[in-house]
Amino acid sequence: MRIHFPHLTALVLGGACVAASNFAFAWQKGFVIEWYEPAFYYGAEEGISAPGTDCPAGTNPEMDWRKVLKTSYRTDADIDTILDPEKPQRAKVGGIRGPNKENVYQIPWAVPDPGLQEVTGDLAYGFNLDADESTGFNHIGIHGETGKKGIDNTYYKAIGCLKAWRGPTREGHHAKYVNDGMHNGRFTLVMLISGEGADWRNDSNVKVGFYQAKDKIVMDAVGKVASDYTFRINPSPGYESIVRARTRDGIVETIDPVDIHMRSIDRLPMHLRSGHLNFEIGEDGKLIGFVGGYRDIDSYFREWAAGGAIFELTMHINIPAYWYALQRWADGHYDPVSGRYTTISTAYRIYANPAIVVSPTATEALVAAALFEGNNEPDALAKAGFGRRRYVPVEPPQDVLPPQIKPRPEKIEQASR
Amino acid sequence: MFFSNNRVSRKTLSSSGLVKSLASVAVTNVLIVLPIFAAVNSHAASSSESLAISKEQVIVATRRITETQYRNSIAAIFGNDIEINGLFEPEQRLELLLALGSSDLSISSAGFNQYFNMARGVASHFVNSENREHYFSCVPSNAKAADEKCASEVLSKYGKALFRRPLTEAELAPRLELANAGATQAKDFYRGMELAMIGLLSAPEFLFRLEVAEPDPENPDAYRLDGYTKAARLSHLFWDVSPDAELLRAAASGELHTEKGVKKQVKRLLKSPNLEAGTRAFFSDMLHLDRYATVTKDAQLYPKFSQTVANSAKEQTLKTVVHQLIENDGDYRDLLTMRTTFMNRPLAAVYKIPFLAEDGWTEYTFPKDSEQSGLLTQISLAGVFSHPGKSSPTLRGVGINEIFLCSPTPTPPANVDFSIINDTNNPNLKTSRLRLEAHAEDPACSGCHRMIDPLGMALERFDALAQPRLYENGELIDVTVNFLGTSFTGSRGLGEVLYENERVHSCLVRNVYAYGVGRAPTSKERNGFIKEQTAEFAKKGFRFSYLLNQIATSEKFFEVPESEIVAERLRARNVNLVAGDL
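Overview of the structure. (Residues numbered from 1 in each chain as written. Chains lettered and ligands numbered in written order. Predicted model: local features only at pLDDT ≥ 70, side-chain atom pairs only at ≥ 80, totals over all residues.)

**A look at the overall build of chain A**
Inference 1: Helix and strand counts for chain A stand at eleven helices and 14 strands.
Inference 2: Out of the 417 residues belonging to chain A, those deemed buried represent 48%.
Inference 3: Of the contacts formed within chain A by residues at least 6 apart in sequence, a portion of 67% connects residues at least 24 apart. (Helix = DSSP H or I, 4+ residues; strand = E, 2+ residues; numbered from the N terminus. Buried ≥ 20, exposed ≤ 12 C-beta atoms within 10 Å, placed from the backbone. Contact = placed C-beta atoms within 7 Å.)

In structure tokens:
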């Protein structure tokens, strides 16, 4: 195959402005995400689970399996058998613990809220999604800068003390697990940022594309994600989106709320509604920053419930407790029919390296985010039934909700008050 | 007067002392190391008489076969499915080429151990019950006993392929004896054959190319290379492998002593797909691609560098060469300026270009305004001729001088002060160029650096891994160069200057000739034969295939070396010459 791409290469190397197709663009930058984790603030000075300003009691204690498995229909001997490491049965029956043998991974409300230690600190990463400075956390930026108020990140509030996620940036054990998986080829996420202005650092017409890629990440000689590799987009409905943004002094940011579709860190398509992004591109060409928005709590729940007992073991999370926490702290997209908020404010921290993003067939280098627009329909996979039928077959009946769950929770008050 | 035209006088080389000396060098070097080899080969190769040299013949050169020649020969004789695992003896670059060093190499005890183990692997495959039907042209009358007739048939066939000539009675007999003894002792015909095959594969006649001269019947006072030596020279130059059956037939028939016969074989060799293997071997040698075995990069500064990148970069260069010179039959000089090359995904990341293919390799042409200029800006030169942590105009200049201009650079004096060059944090000397210019102000250094550095300066917009760059430590890199009165800019300018340089053209001619005959041309040859061949090469549009053709069909290619050359080689091997040997 003989392929010549002089103008594209010039662009890749920071060269001239070239018009392609019917979309005018002046510059583009491709990236491969090399680290991706919930934007949780760690308030302790050492370790990954010490008591800190975020979680004064430290991380959530690990689940007492003997206690959660104790039901009217199980004897202590039955529990011994289930927990016998020689004959592991937990994955098979670990979820059967409702009073009437309900599977709590499917019907978490079958048991009372086991409770979670929640974040009580006042600092959080993220965005002021509701444009209301009177509610939410105080802001902390990627470099530790503070000053802004009204940061909406109740997902952090709900599970920020969870052992799986807690820890300094890039140190939480579940973040390490999923990012190691990404580095080992489980999935690849790329971004393409392009603009129309002459100065990429200050451009009012910018597009940011999020995609999955077919090609695996390559690790370099020092065990980090290698830069400048080529990645083919893997068209993935529900996992990709193009959002409008701008650059100011080299910071890529959204102007108005946008819907962002990308792969969640734990596998499912992630739809961040009324979202924002804020990225900083350094002189070395690397990108760091955040994406945030409101995510469907059902989607969050299904993602972990799918892991069942294995997730409960490795993430040290009681799945029903997670469900109750999501219900408790949901703060977006009120549904007047059910009388509940359906989404929860959240944010993710992203680190990305310069990369070259090419078309799905590898026949051309993509020179602008808009040149590849896949099926961005928000619920394409959900409509296809992906992940729904198995884990949440019915809506939770209101009458089984424990009394401590507020069907219409107030938005979180600023914790410092 | 010892010389007569191109042939050495018979009086200059007597077989009695010379052959025995050379044979003992080769044989004792390998025999002293492994008792097991001695056991296997004790009958076959225990004395100089085992070398098939008649009293009339003389060995004029011994050249240890290279790793690729070994592998290619085994594959050609036994098939591609034989796995050869082992460490080959390090090669030695002499007078710019490994091929010349091979004429000066022996085999160490550790090295022979490796060859012996590889021989065991091949022999084991050879007699394996699943394979023997394929290899053996006969079936023993009793598989649990010796069968001299069948053993003789098989050993003769494979011995001829391995030794590049038929085995003599003296060579065959002890190997048959070994096969028979082994079969009888093990009660297994094939076990005996395995031992005999190990002996053949470990024999100096296989591991070394013994170039033999014989009396020239047309000129009784002179010598000529024997037909089998000519066949081996041709096959190793064109295909990097032992002669095939057709070449051995031509050698046996005497056709290779005729101009017509040689031309016929050269034409056949040129048309074969095996020409790619020969071309790869030659350019691997000429372009110093063996340096990849030891090249390293600072992982913190050049984290993209890996063994995969090194292997890919070597392959990229060879693919580029083969594409231009063999597939396109193009102009050799274009290798210094062309923008078309081959990419895989890791390399594309290094060169910072899109990799637009599903997988594997794809042809890629850099844009016209890129600074890429053929082999000069590939990792094989710009990256390999750099330090682990920084680029080096000096190393690159040395590389260009040696590879493309055949101009070796003397080693620097032991007391050179490199402190200025190594201080990459000097705020006043931010670029390699500035640091080198400051260093070269020392009169002790300036003489050499003036000849070396400018060529490398032109490549400074490529870092130590050949990644494109414009700045070093924030300073725009200046790539304007004045080299011996010629001004040019950057890698493209360098490529164009070298493209036109006649020394570049004659350097290739010199290298092809030296590679083929196993010795560097004398000054007389440089001023005569090489110049003539260079002019002819130019007339033919600098096409490599024509160059191979014209060199291989020249009388010079089969000329018996002059006695001084032979004597020098013998002295280098510490062979004591006896009065009358020369």
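From this point on, the discussion continues.
**Description of the environment of B:Leu172**
Residues and elements named next belong to chain B.
Inference 1: Residue position: Leu172 is located in helix α8 (residues 169-186).
Inference 2: Sequence spacing of Leu172 and Ala196 is 24 residues, and the spatial spacing of their C-alpha atoms is 9.8 Å.
Inference 3: Filtering out sequence-adjacent residues up to four positions away, Leu172 remains in contact with Ser152, Leu155, Ser156, Gly159 and Leu167.

**Points about helix α8 (residues 308-315) of chain A**
Residue and element names in this part refer to chain A.
Inference 1: Those residues of α8 lying buried are Gly308, Ala309, Phe311, Glu312 and Met315. An end-on view of α8 places all buried positions within 160° of arc, on one side of the element.
Inference 2: Taken together, the buried residues of α8 touch α4 (90-93), α6 (173-183), α7 (297-305) and α9 (319-329).
Inference 3: Phi turns positive one or two residues past the end of α8, at His316, with a value near 55°. (Arc of directions from axis to C-beta.)

**Examining the environment of A:Ala26**
Residue and element names in this part refer to chain A.
Inference 1: Residue placement: Ala26 occurs in the loop between α1 (6-12) and β2 (27-38).
Inference 2: On the basis of neighbour count, Ala26 is assigned to the partly exposed category, with 19 C-beta atoms found within 10 Å.
Inference 3: Spatially, the C-alpha atom of Ala26 lies 32 Å from that of Gly185, the residues being 159 residues apart in sequence.

**Regarding unusual backbone geometry**
All names here are of chain A.
Inference 1: Look at Ala131: it is not a glycine, yet its phi comes out positive at around 55°.
Inference 2: Residue position: Ala131 is located in the loop between β3 (123-124) and β4 (138-139).
Inference 3: A positive phi angle is found at Ser274, which is not glycine, with a value near 50°.

**Regarding the nonpolar core**
Inference 1: Core analysis: the biggest nonpolar cluster contains 259 residues, and A:Val32, A:Val190, A:Val208, A:Tyr322, A:Leu326 and B:Ala179 have the highest contact counts within it.
Inference 2: At ten residues, strand β14 (residues 340-358) of chain A tops the list of elements feeding residues into this core.
Inference 3: Residues within four places of A:Tyr322 in sequence aside, it is in contact with A:Ile159, A:Phe301, A:Trp304 and A:Ile317. (Core = buried A, V, L, I, M, F, W, Y, C linked by C-beta atoms within 7 Å.)

**As for the sheet that holds strand β5 (residues 219-225) of chain B**
Picture the strands of a sheet paired through backbone hydrogen bonds; they go either parallel or antiparallel.
Residues and elements named next belong to chain B.
Inference 1: Spatial ordering of the open sheet is given by β3-β4-β5, a layout of three strands whose pairing is antiparallel. On the outer flanks of this sheet lie β3 (58-64) and β5, each paired with one strand and no other. The average angle at which neighbouring strand axes cross in this sheet is 20°, direction not considered.
Inference 2: The pairing of strand β4 (residues 208-216) with β5 spans four bridges and is classified as antiparallel. By the bridge assignment for β5, Ala213 is matched with Leu225. (Pairing = 2+ DSSP bridges. Axes fitted to C-alpha atoms, helices over the stretch in contact; angles between N-to-C directions.)

**Side note on the pairing of β3(B)**
All names here are of chain B.
Inference 1: Within β3, seven of the seven residues are buried, leaving the element largely enclosed by the surrounding structure.
Inference 2: Examined bridge by bridge, β3 and β4 share six bridges and lie antiparallel to one another. Pairing of Ile59 across the sheet is with Val212, part of β4.

**Digging into the pairing of β4(B)**
Inference 1: Here β4(B) lies mainly inside the structure; seven of its nine residues are buried.
Inference 2: Between β4(B) and β5(B), which pair antiparallel in sequence order, lie two residues.

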